[in-house]
Amino acid sequence: MNHLGDLLSAHLDGELASHERSRVAEHLQTCDRCRRELEELASARAAVRSLPLLELPVALSTAIGARPDPIPLRRRPVAWVGAAAAAAFAVFVSAAALTAPEPREISPPQLNAVYGAVSSNEGAFTVVKVAGATAAAGGAR
Amino acid sequence: MNEPLPETWEDVARKHGRKIYNFAYRLCGNPDDAADLVQEVLLRVRRGLADYTPGSFDGWLWRITRNAFLDDVRRRKRRPTSPLPDHTDRMSEWSSPGPDEVLAGLRLGEDIQKALLDIPIEFREAVVMCDVVGMSYEEIAAAVAAPIGTVRSRIHRGRKLLRERLT
């Protein structure tokens, strides 16, 4: 049996192509392993999404001439509810949540020596060419 | 997807500064580096605005943001990251949770942040773009110049690694 692998994350994010949705739904009905993996992925996803949205520090806001953005980055009703949700991290999300992808509400277009683990696949991190931002690669600070 | 070009650099800062800051903070794990990155990104935007060709402004902005982050990572010497407790500004707007709940939430936030810092950067980046910034797979793919299938795989692997570290 071919298991679902990364289709599970796409399922959680509502990012499956139409032809993949029925396959995923059918498979989940009969595969305990994929259901368990889906629960684990959902808990990790919920944990990251529970992180509070940070305001710009006042000094930075002043330095860049920006007032704090009044528009939420993403749909989060109440920051502490998210934190409470994270507190229940060990409690997995309901079966309904697992089988029905959460629709994206508002989706505003919105190495490890230094910051954490360095991937062995450094080739994946070539700097992207950005039209109109020729200074990007220069990195003068 | 053509989007109107912001009129001024300040418009960009006002509209996108907080998004960039949250992205940067979750990737680097400390407010000082995140603030530096925001300023660097906005500097690059200011330099690039004159040559910007109409298209997806957000896509252009996120490519600049990502490049600035990767350049910064390459440039810096190793130095310990020490995530501070998340700001409580937003929490203070809501009086319901008691002090214990707030503290528990902060501790959990720190654990999650540490777990993020512990996973390879390409996975961390994809997860943060998806679950913190709220970008679609297509938007992430455009920002990191990778196929959507690669983005999907990175998000998936990132979540699996996070799960291992959080249990």
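This one's a predicted model, so the numbers in the text were calculated from it and none came from an experiment.

Asks: Could you give an account of the environment of Glu40 of chain B, with specific residues and numbers?
Replies: Residues and elements named next belong to chain B. Following the sequence through the fold, Glu40 ends up in helix H2 (residues 31-49). The exposure class assigned to Glu40 is buried, which follows from its relative accessible area of 2%. When the C-alpha atoms of Glu40 and Ala68 are compared, they prove to be 6.9 Å apart, with 28 residues separating the residues in sequence.

Asks: With reference to specific residues and values, describe helix H2 (residues 18-30) of chain A.
Replies: Looking at H2 of chain A, one finds that the buried residues are Glu20, Val24, His27 and Leu28 of chain A. Buried positions in H2 of chain A, seen along its axis, are confined to an arc of 100° and lie on one side of it. Facing away from the buried surface of H2 of chain A by more than 90 degrees, the exposed residues are Ser18, His19, Glu26, Gln29 and Thr30 of chain A. Contact partners of the buried residues in H2 of chain A: helix H1 (7-12) and helix H3 (32-49) of chain A together with helix H8 (148-166) of chain B.

Asks: Quick one: what's the story with the pattern of salt bridges, residue by residue and with numbers?
Replies: The tally for this structure, following the rule as stated, stands at 17 salt bridges over all chains. A salt bridge links Asp72 of chain B to Arg75 of chain B; its shortest N-O distance comes to 3.7 Å. Linking Asp72 of chain B with Arg75 of chain B, this pair stays in helix H3 (residues 57-75), spanning 3 residues, or about one helical turn. For Asp72 of chain B, a relative accessible area of 2% corresponds to the buried category. Each of Asp13, Arg45 and Arg49 of chain A together with Asp131 and Arg159 of chain B takes part in salt bridges that share partners, so that together they form one network.

Asks: Any chance you could break down helix H6 (residues 121-133) of chain B for me, citing the residues and the numbers?
Replies: For H6 of chain B, the buried fraction is high: 13 of the 13 residues fall into the buried class. Within two residues after H6 of chain B, Gly134 of chain B carries a phi angle of roughly 90°, on the positive side.

Asks: I'd love a proper account of the nonpolar core, names of residues and values included.
Replies: Counting 73 residues, the largest nonpolar core has Ile64 of chain A together with Tyr21, Val41, Val45, Phe69, Ile140 and Leu162 of chain B as the members making the most contacts within it. Broken down by element, the residue count for this core peaks at 10 residues, all from helix H1 (residues 9-28) of chain B. Shared between two domains, this core takes at least three residues from each, and those domains are domain 1 (9-75) and domain 2 (99-166) of chain B.

The rules behind the values
- Residues numbered from 1 in each chain as written.
- Chains lettered and ligands numbered in written order.
- Predicted model: local features only at pLDDT ≥ 70, side-chain atom pairs only at ≥ 80, totals over all residues.
- Heavy atoms only, no water.
- Helix = DSSP H or I, 4+ residues; strand = E, 2+ residues; numbered from the N terminus.
- Buried < 20%, exposed > 50% of the residue type's maximum accessible area, 1.4 Å probe, protein only.
- Arc of directions from axis to C-beta.
- Contact = heavy atoms within 4.5 Å.
- Salt bridge = Lys/Arg side-chain N within 4 Å of Asp/Glu carboxyl O.
- Core = buried A, V, L, I, M, F, W, Y, C linked by side-chain atoms within 4.5 Å.
- Domains from an automatic or database assignment.

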